Amino acid sequence: MNNPIPSNLRSEMKKAAKILREFTEISNRSGPDKLIPAHVIAKAEGLAIISVIKAGFMITARGGSGIVIARLPDRRWSAPSAIGIAGLGGGFEIGVEVSDLVVILNYRRAIEAFAKGGNLTLGGNCTVAVGPLGRNIEADVALRSTAAVFTYCRSRGLFAGVSLEGSCLIERRETNRKFYSQDIRPLAILNGEVEPPSAALELYSILEDYAEKYTSDWQSKNMRHSIKI
């Protein structure tokens with residue numbers, strides 16, 4: 001698992017690239033049926049990539065850090081904005097758990113929820129679904145196409161019980177200010193008011209490679225369909 005303790009934005013970008021690679025590349029831990037499908041990322045309007053630690057006995061606390069990026073009108077990816085997450089909960093539970101999350105933001109309203117901070121309320125008009133896995137699941141995605149958010153999570157640790165907790169997103173404005181050398185709001189970053197930094201090139205490269213894989217898979221699928229016809 002990756003370090004959930006907040007750090008500078010350059011380190012957060014490197015952590016995000018590492019997490020995303022683990023969710024998109026076949027490895028000893030992840031076969032093809034355990035990966036985020038390429039078309040899910042290719043069609044996303046934004047991504048939040050976060051590491052979170054959760055610990056407690058009866059009363060639990062969670063905290064973590066990560067980044068958010070969004071699609072620009074030309075379909076390029078925006079510069080990243082640093083975020084934090086914190087929460088308290090209660091219930092019959094005990095343990096410690098560290099999790100890496102990739103949150104697929106399918107609509108602009110979901111991006112705004114992650115950019116503005118405050119209580120993370122993803123319900124009603126901002127529905128959440130566990131993200132589909134595997135490669136041949138376009139029909140599965142279509143069935144859940146109304147979900148504003150798909151979530152993917154990998155955890156390590158021991159935690160047992162039922163959690164009744166809320167979370168709060170934190171605008172890490174000082175972290176953004178230090179990296180971009182200006183006082184700028186997260187939504188402005190995600191709307192393209194700063195240039196994508198070279199420090200995020202590894203992250204962008206993973207996303208571009210996955211987009212190319214989606215295009216290649218789509219062309220192969222349609223070529224086979226044409227041949228059958």
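Computed from a prediction, not measured in an experiment: that's the story for all the values here.

The rules we used
- Starting from 1, residues in each chain are numbered consecutively following that chain's sequence as written.
- Residue-level local features of this predicted model are given only where pLDDT is at least 70; pairs of side-chain atoms are given and counted only at 80 or more, and the full residue set underlies all totals for whole chains, interfaces and linings.
- Side-chain measures were taken over the full set of non-hydrogen atoms in the model, leaving aside hydrogen atoms and water.
- In this description a helix means any DSSP run of H or I spanning at least four residues, a strand means any run of E spanning at least two, and both kinds are numbered starting from the N terminus.
- Only protein chains enter the accessibility calculation, which uses a 1.4 Å probe; a residue whose area is less than 20% of its type maximum is buried, one above 50% is exposed, and one in between is partly exposed.
- Any two residues whose heavy atoms approach within 4.5 Å are treated as being in contact.
- The Shrake-Rupley method, run with a 1.4 Å probe sphere, supplies the accessible areas, and residue values consider only the shown protein chains as cover.
- We call two N or O atoms a polar contact when they sit within 3.5 Å, provided that within protein one can donate a hydrogen and the other can accept it, with sequence-adjacent residues counted only if both atoms are side-chain atoms.
- The definition of a nonpolar core used throughout is a set of buried Ala, Val, Leu, Ile, Met, Phe, Trp, Tyr and Cys residues joined through side-chain atoms within 4.5 Å.
- Here pLDDT means the predictor's own confidence in every residue, given as a number from 0 to 100.
- Each Phe, Tyr or Trp ring (for Trp, its six-membered ring) is paired with any other whose centre lies within 6.5 Å, and the angle between the two planes then decides the class: stacked below 30 degrees, edge-to-face above 60, tilted in between.
- Ring-over charges, as used throughout, are those where CZ of Arg or NZ of Lys falls within 6 Å of the ring centre and within 35 degrees of the ring normal.

Engineer: Please clarify how the overall build of the chain should be interpreted in this entry.
Structural biologist: The helix and strand tally for the chain stands at seven helices and six strands. N-terminal to C-terminal, the α/β element order of the chain is α-α-β-β-α-β-β-α-β-β-α-α-α. Scored against the burial criterion, the 229 residues of the chain give a buried share of 45%. For the chain, the proportion of contacts with a sequence separation of at least 24, taken over those separated by at least 6, is 75%. Total accessible area computed for the chain in this model is approximately 11,900 Å², and 56% of it derives from carbon and sulfur atoms.

Engineer: How should I be thinking about the side chain of Ser81 in this particular structure?
Structural biologist: Looking at the element boundaries, Ser81 is found in strand β2 (residues 81–105). Judged by its relative accessible area of 1%, Ser81 falls in the buried class. A polar contact is formed between the side chain of Ser81 and the side chain of Asn176, at a distance of 3.2 Å. Setting aside residues no more than four positions away along its own chain, Ser81 makes contact with Gly66, Ile67, Val68, Asn176, Pro186, Ile189 and Leu190.

Engineer: Sorry, what's going on with the nonpolar core here?
Structural biologist: Nonpolar side chains in soluble globular proteins tend to end up buried together. Formed by 36 residues in total, the largest nonpolar core has its most connected members in Leu20, Val102, Ile104, Tyr152, Leu203 and Leu207. Breaking this core down by element, the ones donating at least two residues are α1 (9–24), α2 (38–42), β1 (46–70), β2, β5 (149–160), α6 (186–190) and α7 (201–228). By residue number, the principal contributor to this core is α1, which donates seven residues. Counting residues in each nonpolar core, the second largest holds 18 residues, with Ala70, Ile83, Ala110 and Leu169 among its members.

Engineer: Teacher, can you tell me more about the confidence of the model for the chain here?
Structural biologist: In regions of low pLDDT, the predicted coordinates are not meant to be interpreted in detail. Looking at the chain, pLDDT values average 79 and 71% of them are 70 or higher. Of all secondary-structure elements in the chain, the lowest mean pLDDT belongs to helix α4 (residues 138–143), at 48, while helix α5 (residues 173–180) reaches the highest, 96. Throughout residues 222–227 the model reports pLDDT below 50, and contacts reaching past four residues in sequence, or to other chains, amount to zero contacts.

Engineer: Which parts of the structure should I look at to understand the packing of aromatic side chains?
Structural biologist: The geometry of an aromatic ring pair is captured by two quantities: the separation of the ring centres and the angle between the planes. Within the structure shown, the criterion is met by one aromatic pair. Geometrically, the ring pair formed by Phe179 and Tyr180 is edge-to-face, given 5.0 Å between the ring centres and 85 degrees between the ring planes. Of the residues examined, Phe179 reaches a relative accessible area of 23% and is grouped as partly exposed. Directly above the ring of Tyr107 sits Arg109, whose terminal nitrogen or CZ lies 4.7 Å from the centroid. Here the basic side chain of Arg154 rests over the ring of Phe23, its NZ or CZ set 4.7 Å away from the ring centre.

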